[in-house]
Amino acid sequence: MPTTTAAQRREQARVEYDAFIRACPTNQLLDRISDKWVSLVVCALSPGPMRYSELARKIAGVSPKMLTQTLRALERDGVLARTVTPSVPVRVDYELTPLGASLSLLLAGVKDWAETHIEEVHEARERYDAGAEG
């Protein structure tokens with residue numbers, strides 16, 4: 001049996017990824033990127049770097065704890081980079097990595113779709129709810 005290199009094994013695993021299987025890493029990644037706060041953070045950062053306080057103001061309703069958790073998770077996943085500039089007070093900026101920029105294109109499309117079609121969704125909900133009551 002021929003031996004395979006680590007790179008060959010990784011490539012074979014990539015071919016075998018199946019997001020429909022719960023234990024698959026791609027399933028877990030989809031869980032992360034489908035989070036509302038992740039989508040909003042990535043979209044907010046798409047024009048360029050922002051400070052924590054700017055993100056907190058831009059993303060209405062996010063708690064400081066949730067924003068911090070989201071930023072840490074995205075940094076860990078390689079979607080954003082955190083830059084600390086020594087000053088008084090310390091300046092911390094967040095910006096998308098190239099990986100994050102590629103994700104932002106997709107999430108911006110979903111955000112735009114939601115903003116464009118929300119009225120249709122409201123109407124569909126009203127029709128559904130009216131039918132369920134009868």
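Notes on the structure follow. Bear in mind that the values here come from a model prediction, so they are computed numbers and not experimental data.

Rules used throughout
- Residues numbered from 1 in each chain as written.
- Predicted model: local features only at pLDDT ≥ 70, side-chain atom pairs only at ≥ 80, totals over all residues.
- Heavy atoms only, no water.
- Pairing = 2+ DSSP bridges.
- Helix = DSSP H or I, 4+ residues; strand = E, 2+ residues; numbered from the N terminus.
- Core = buried A, V, L, I, M, F, W, Y, C linked by side-chain atoms within 4.5 Å.
- Buried < 20%, exposed > 50% of the residue type's maximum accessible area, 1.4 Å probe, protein only.
- Contact = heavy atoms within 4.5 Å.
- Axes fitted to C-alpha atoms, helices over the stretch in contact; angles between N-to-C directions.
- Expected span 1.5 Å × (residues − 1).
- Arc of directions from axis to C-beta.

## Description of the pairing of strand 3 (residues 91-96)
Point 1. Bridge count for strand 1 (residues 50-51) against strand 3 is two bridges, and the pairing is antiparallel. Across the sheet, residue Arg51 finds its bridge partner in strand 3, namely Asp93.
Point 2. Relative to strand 3, strand 2 (residues 80-85) is paired through six bridges, and the arrangement is antiparallel. Its bridge partner being in strand 3, Val84 is matched across the sheet by Val92.
Point 3. Connecting strand 2 to the next strand, strand 3, in antiparallel fashion are five residues.

## Quick word on the nonpolar core
Point 1. Val41, Val42, Leu45 and Leu55 are the most contacted members of the largest nonpolar core, which has 21 residues in total.
Point 2. When residues of this core are traced back to their parent elements, those giving at least two are helix 3 (36-45), helix 5 (64-76), strand 3 and helix 6 (98-133).
Point 3. The element contributing the most residues to this core is helix 3, with seven residues.
Point 4. Those residues in contact with Val41, other than ones at most four positions away along the chain, are Ile59, Leu67, Thr70, Leu71, Leu74 and Leu80.

## Digging into the sheet that holds strand 3
Point 1. Judged by pairing direction, the sheet is antiparallel, and its three strands sit side by side in the order 1-3-2 without closing on themselves. The open sheet has two free edges, formed respectively by strand 1 and strand 2, since each of these has just one partner strand.
Point 2. Sitting on the sheet, helix 3 is in contact with strand 1, strand 2 and strand 3, with an inclination near 95 degrees to strand 3.

## So, helix 5
The periodicity of an α-helix, 3.6 residues per turn, causes residues three or four positions apart to be oriented the same way.
Point 1. Under the 1.5 Å per step criterion, the end-to-end length of helix 5 is 18 Å for 13 residues, consistent within 8% with the ideal 18 Å.
Point 2. Listing the buried residues of helix 5 in full gives Leu67, Thr70, Leu71, Ala73 and Leu74. Projected down its long axis, helix 5 shows its buried positions confined to an angular sector of 165 degrees, all on one face. In helix 5, the exposed residues that point more than 90 degrees away from the buried face are Pro64, Lys65, Arg72 and Arg76.
Point 3. Residues of helix 5 that are buried in the fold lie against helix 2 (25-33), helix 3, helix 4 (52-58), strand 2 and strand 3.
Point 4. In the segment just after helix 5, Gly78 is the residue with positive phi, at about 85 degrees.

## A look at the side chain of Ser39
Point 1. Position of Ser39 among the secondary structure elements: in helix 3.
Point 2. Residues contacting Ser39, with those up to four places away along its chain left out, are Ile33 and Leu107.

## Description of the side chain of Thr70
Point 1. As for its placement among the helices and strands, Thr70 is situated in helix 5.
Point 2. Classification of Thr70 by relative accessible area gives buried; the value is 5%.
Point 3. Each residue touching Thr70, except ones within four places of it in the same chain, is listed here: Trp37, Val38 and Val41.

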